Amino acid sequence: MKKISEERIYEFESYLCREEKSPITIQKYLRDMRNFNEFVNGREMNKDVVLDYKKQLMDKGYGVNSINSILSSINAFFTFEGWIELKVKHLRKQQEIFCPEDKELTREEYIRLVEAAKNNERLCLVLMTMGSTGIRVSELRYFTVEAVAEGKSMIYCKNKIRVVLIPKKLQKLLMNYAKKKGIESGEIFVTRLGNSLDRSNIWTQMKGLCKKAKVNPKKVYPHNFRKLSAKTFYEMDKDVAKLADLKSGKWIATITFKGKRYYLGSYEKKEWAIEARKEGEQMHEEFLDWYYKTIQGNKCNKGNE
């Protein structure tokens, strides 16, 4: 007999820990399962029950992404129990080729939000950090005094490690803030008790800036700052492939000539990127010889005529 119990949900939590899910993901899965168990109300589990719950979520007006997220939690529990036959499909959603104007955060709005947060230095720096690096709220904990001093942060998320470079101006602001608050090591963004910042608190504080900054509250949520960072990067480089590499944590090799940066490729290992850069430098030197002998030489000859 297939039945859900609080004891099994508790064991499900241990299973998620062994699967190396993040604490936030675990909390979310458990919350979804307890809500689902309340709907089931002691009934024996079968696929019709799950489909009824799926329909109820749709009838209540839940968004497609929200429903699919809940179904992922339930399916994960079924995998844990070995009830593979009970897993249900996600709702299909047509990919949007544009971002609705009432949801897209512009650079100007971002600047106004930062300005509005100036009386709350920590929140102001959180906004600046997320907007300039594209990190997630859960990744703020990787911005330690040690990482900021080095100018880069090693971030571990979703079983991947990626390096996030910290802009010089932001680096200086964060180091000054840490010094002012007496934070000599460890996380920079902490509460007065030294705990990591809570996602919901950051979200609430962000919403509190909307009126002063004259920004639509629908646009202000943590993930939108990550999207703004990606959009800004793309507008600068016009290279969606490079953006994907950057977000996936790959090592990117570039070389600069006459103020323009050229993309040499992305690599899984740092050593491979270094090798590509060296090859690029060798080719670059050969190109410079040709450039100054041919192009610049022709310009000089024309000037002497």
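Parameters at a glance
Residues numbered from 1 in each chain as written. Predicted model: local features only at pLDDT ≥ 70, side-chain atom pairs only at ≥ 80, totals over all residues. Heavy atoms only, no water. Salt bridge = Lys/Arg side-chain N within 4 Å of Asp/Glu carboxyl O. Helix = DSSP H or I, 4+ residues; strand = E, 2+ residues; numbered from the N terminus. Buried < 20%, exposed > 50% of the residue type's maximum accessible area, 1.4 Å probe, protein only. Pairing = 2+ DSSP bridges. pLDDT = per-residue confidence, 0-100. Contact = heavy atoms within 4.5 Å. 1 Å grid on protein atoms, 1.4 Å probe; cavity = no way out; pocket = protein on both sides within 12 Å on 5 of 7 lines; lining within 4 Å. Points joined across faces, edges and corners; volume = space filled by probe spheres on them. Nonpolar A, V, L, I, M, F, W, Y, C, P; charged D, E, K, R; others polar. Domains from an automatic or database assignment. Polar contact = N/O pair within 3.5 Å; in protein donor to acceptor, adjacent residues only side chain to side chain. Expected span 1.5 Å × (residues − 1). Arc of directions from axis to C-beta.

**Quick look at the pattern of salt bridges**
Point 1. Counted by the stated rule, this structure contains 10 salt bridges.
Point 2. Taking the shortest distance from any N to any O, the salt bridge between Glu121 and Lys180 comes out at 3.0 Å. Here Glu121 is found in helix 6 (residues 121-133), whereas its partner Lys180 is found in helix 8 (residues 168-180), with 59 residues between them in sequence.
Point 3. Residue Lys180 is classed as exposed on the basis of its relative accessible area of 56%.
Point 4. With its nearest N and O atoms 2.7 Å apart, the salt bridge here joins Glu139 to Arg136.
Point 5. Overall, the relative accessible area of 24% leaves Arg136 in the partly exposed class.
Point 6. Among the charged side chains, a network of salt bridges with common partners joins Arg8, Glu11 and Glu81.

**Description of the pairing of strand 1 (residues 152-157)**
Point 1. Burial along strand 1 is one-sided: Ser153, Ile155 and Cys157 are buried, while Lys152, Met154 and Tyr156, pointing the other way, are not.
Point 2. Bridge count for strand 1 against strand 2 (residues 160-165) is six bridges, and the pairing is antiparallel. The residue bridging Met154 from the neighbouring strand is Val163, located in strand 2.

**A word on unusual backbone geometry**
Point 1. If you check the backbone angles, Glu20 has positive phi at about 65° while not being a glycine.
Point 2. Among the secondary structure elements, Glu20 is positioned in the loop between helix 1 (6-18) and helix 2 (23-40).
Point 3. Residue classification places Glu20 among the exposed positions, given a relative accessible area of 55%.
Point 4. Backbone geometry at Asn41 places phi at a positive 55°, although glycine is not the residue there.
Point 5. Summarising the element assignment, Asn41 is placed in the loop between helix 2 and helix 3 (47-59).

**Points about the confidence of the model for the protein chain**
Point 1. Residues with a pLDDT of 70 or more make up 71% of the protein chain, whose mean pLDDT is 79.
Point 2. Mean pLDDT across the elements of the protein chain ranges from a minimum in helix 12 (residues 240-248), with 42, to a maximum in helix 3, with 95.
Point 3. Of the regions scoring below 50 in pLDDT, residues 233-248 engages in 27 contacts with residues more than four places distant in sequence or in other chains.

**Focus on the layout of surface pockets**
Point 1. Approximately 2000 Å³ is the volume found for the largest pocket.
Point 2. Around the largest pocket, the lining comprises 47 residues; the ones closest to its centre are Ile24, Thr25, Lys28, Ser138 and Arg199.
Point 3. Broken down by secondary-structure element, the contributors of at least two residues to the lining of the largest pocket are helix 2, helix 4 (64-81), strand 1, helix 9 (199-207) and helix 11 (222-237).
Point 4. The element that contributes the greatest number of residues to the lining of the largest pocket is helix 2, accounting for nine residues.
Point 5. Taken together, the residues of the lining of the largest pocket break down into 18 nonpolar, 14 polar and 15 charged.
Point 6. When we break the lining of the largest pocket down by domain, the ones giving at least three residues each are domain 1 (6-86) and domain 2 (103-299).

**Examining the side chain of Glu139**
Point 1. Considering the arrangement of structural elements, one finds Glu139 in the loop between helix 6 and helix 7 (145-150).
Point 2. A relative accessible area of 1% places Glu139 in the buried class.
Point 3. A distance of 2.7 Å separates a polar atom in the side chain of Glu139 from a polar atom in the side chain of Arg136.
Point 4. Those residues in contact with Glu139 that sit more than four places away from it in its chain are Ile155, Cys157 and Arg162.

**Digging into helix 3**
Point 1. Its 13 residues give helix 3 an end-to-end C-alpha distance of 18 Å, which sits within 8% of 18 Å, the value for a rise of 1.5 Å per residue.
Point 2. Every buried residue of helix 3 is accounted for by Val49, Val50, Tyr53, Lys54 and Leu57. In an axial view of helix 3, the angular spread of the buried residues amounts to 140°, which keeps them on one side of the axis. Along helix 3, exposed side chains directed more than 90 degrees from the buried face belong to Asp48 and Asp59.
Point 3. Lining the buried residues of helix 3 we find helix 2 and helix 4.
Point 4. The N-terminus of helix 3 is capped by Asn46, whose side-chain oxygen sits 3.0 Å from the backbone nitrogen of Asp48.

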